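# Survey of secondary and tertiary structure
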Amino acid sequence: MNQQDSQFSSNQLFLSVILMVAGAHLCNDLIQSMLTATYPLLEEKYRLSFAQVGCISLVYQLTASILQPAIGYYTDKHPKPYLLPLGMVSTTFGLCMLGFASQFYLLLLAAAFLGVGSSTFHPEASRVARNASAGRFGLAQSAFQVGGNLGSSLGPLLVSLVVLRYNRQSNILWFIAIGVIAILLLCRISAWSTRHLAANKHKAAANCTLPYDKSKTVLALFILAVLIFSKFFYMASMSNYYSFYLIEKFALTKQSAVLFLFLFLACVAIGTFVGGPVGDRIGRKYVIWFSILGAAPFTLALPFANLWGTALLSCLIGLIISSAFSAIVVYAQELIPGRVGMIAGLFFGFMFGMSGIAAAVLGYVADKTSLQLIFKFCSFLPLLGILTILLPDVEQYKN
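Just so you know, the residues in each chain are numbered from 1, in the order the chain's sequence is written. The predicted nature of this model means local features are confined to residues of pLDDT at least 70 and side-chain atom pairs, given and counted, to a pLDDT of 80 or more, with totals for whole chains, interfaces and linings taken over all residues. Processing note: side-chain calculations cover all non-hydrogen atoms of the structure and skip hydrogens and water entirely.

Further remarks concern the nonpolar core. As used in this record, nonpolar core signifies buried Ala, Val, Leu, Ile, Met, Phe, Trp, Tyr and Cys residues forming a set joined through side-chain atoms within 4.5 Å. The rule is simple: take the accessible area with a 1.4 Å probe, protein chains only, and divide by the maximum for that residue type; under 20% is buried, over 50% is exposed, in between is partly exposed. Leu224, Tyr241, Tyr242, Phe264 and Ile288 are the most contacted members of the largest nonpolar core, which has 110 residues in total. Each helix is a run of H or I in the DSSP string that is no shorter than four residues. Each strand is a run of E no shorter than two, and both are numbered from the N terminus. Considering every element that reaches this core, the biggest residue donor is helix α8 (residues 214-250), with 16 residues.

What follows covers the packing of aromatic side chains. For this analysis, a ring pair means two rings from Phe, Tyr or Trp (six-membered ring only for Trp) whose centres lie within 6.5 Å, classed as stacked if their planes differ by under 30 degrees, edge-to-face if by over 60, and tilted for the remaining angles. All told, the structure shown has nine aromatic pairs when counted by the stated rule. Between phenylalanine 121 and phenylalanine 144, the ring centres sit 6.3 Å apart and the planes meet at 25 degrees, which makes this aromatic pair stacked. Here phenylalanine 144 lies in helix α6 (residues 137-164) and phenylalanine 121 lies in helix α5 (residues 104-131), a separation of 23 residues in the sequence. No difference in accessibility class separates phenylalanine 121 from phenylalanine 144, as the two residues are buried. Ring centres of tyrosine 245 and phenylalanine 375 lie 4.3 Å apart, and the angle between their planes is 20 degrees; on these two criteria the pair is classed as stacked. Linking tyrosine 245 in helix α8 with phenylalanine 375 in helix α15 (residues 371-378), this pair joins segments that are 130 residues apart in sequence. A single burial state applies to tyrosine 245 and to phenylalanine 375, both of which are buried. Among the aromatic residues, those joined into a ring-pair cluster are Phe50, Tyr241 and Phe244. Charge-over-ring contacts are defined here by two conditions on Lys NZ or Arg CZ: a distance within 6 Å of the ring centre and an angle within 35 degrees of the ring normal. Here the guanidinium or amino end of lysine 231 rests over the ring plane of phenylalanine 232, the centre of that ring lying 4.8 Å away.

With that settled, consider the state of the cysteines. Here, the term disulfide refers to a pair of cysteine sulfur atoms separated by no more than 2.5 Å. For the structure shown, the criterion picks out zero disulfides. Considering cysteine sulfurs only, cysteine 267 is the nearest to cysteine 315, which forms no disulfide, with 3.6 Å between them. By relative accessible area, cysteine 315 is classed as buried at 13%.

Next comes the structure, spelled out in structure tokens:
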């Protein structure tokens, strides 16, 4: 096979596997997002306080976060492709429980099964995306991540049309079909991953030398953690309470408010896709810098806008602030080479954990004060993006 044919084959592999992984991520996150999208219905039906709503998110996010780094660390040394369909089985079972749950503790249990499915899926799926990337790590991570963001944005839309429109919690069960499709798709992906691992078993191990000394690496990871805190604490206010905020401030119906949430999440999906390939070209540090600090003017303006101004600002915020995560994950993987699964698990886990803690804290504060106050408070968080200036240039070291 000549070089041109080899390149064509590599591109075909990249497209087919990445599209499958992105499709599976879409199905996974679509199901996961149904939890938060049904909050207006659950809050009304079971007379939940905002603190209880936050507790449901906390259970989901903590189960999604605690296991991920451990699974990633273990599978870096002992890859387990079959964890992908098993994780989706847990997610689908959690969806079934959400459709049948009639008491608060059952809602918490459903959230826990959804979280376990998420924690099992993300580290191994991220590794598959990187293995199939043919060196285009940022593009592969963005394609993988945008599948999840598309799913997260479609979830509220479908819930609005199928569940909230008829005010029936049991209509959630229609979406079990998506879980079954995802399980079948992940069985194929697992089979490819098994073949890939067997074919590359005797290849030389990746270079695991740290580009910087331990203290500088730890400082960089700490800064990335602070940036994720600022990003996902703000995102938690939007994904969990944006619908309630619109209902309270502008007297929207539940169905209309969830459609505005869909619009925001759709912009998040678009921004996520842009961040990875742009980072490949101009450097991930610059993408991280723009994504978090660049959203600050719009987050600061949002609490004072009218309805359509709020819609426009939320779209701009979604486009800008979402572009950072793919760049952060790949940046961290280059900062600590040879630990793809562990880093993916650590950052996805921290993302879920921070989102869960934020949801619980913000729900408690909203009960004591008001939703409008927490949106004003959270609007200052993207200003922490200024810390990006302290990150080292990993691309410069590689060159």
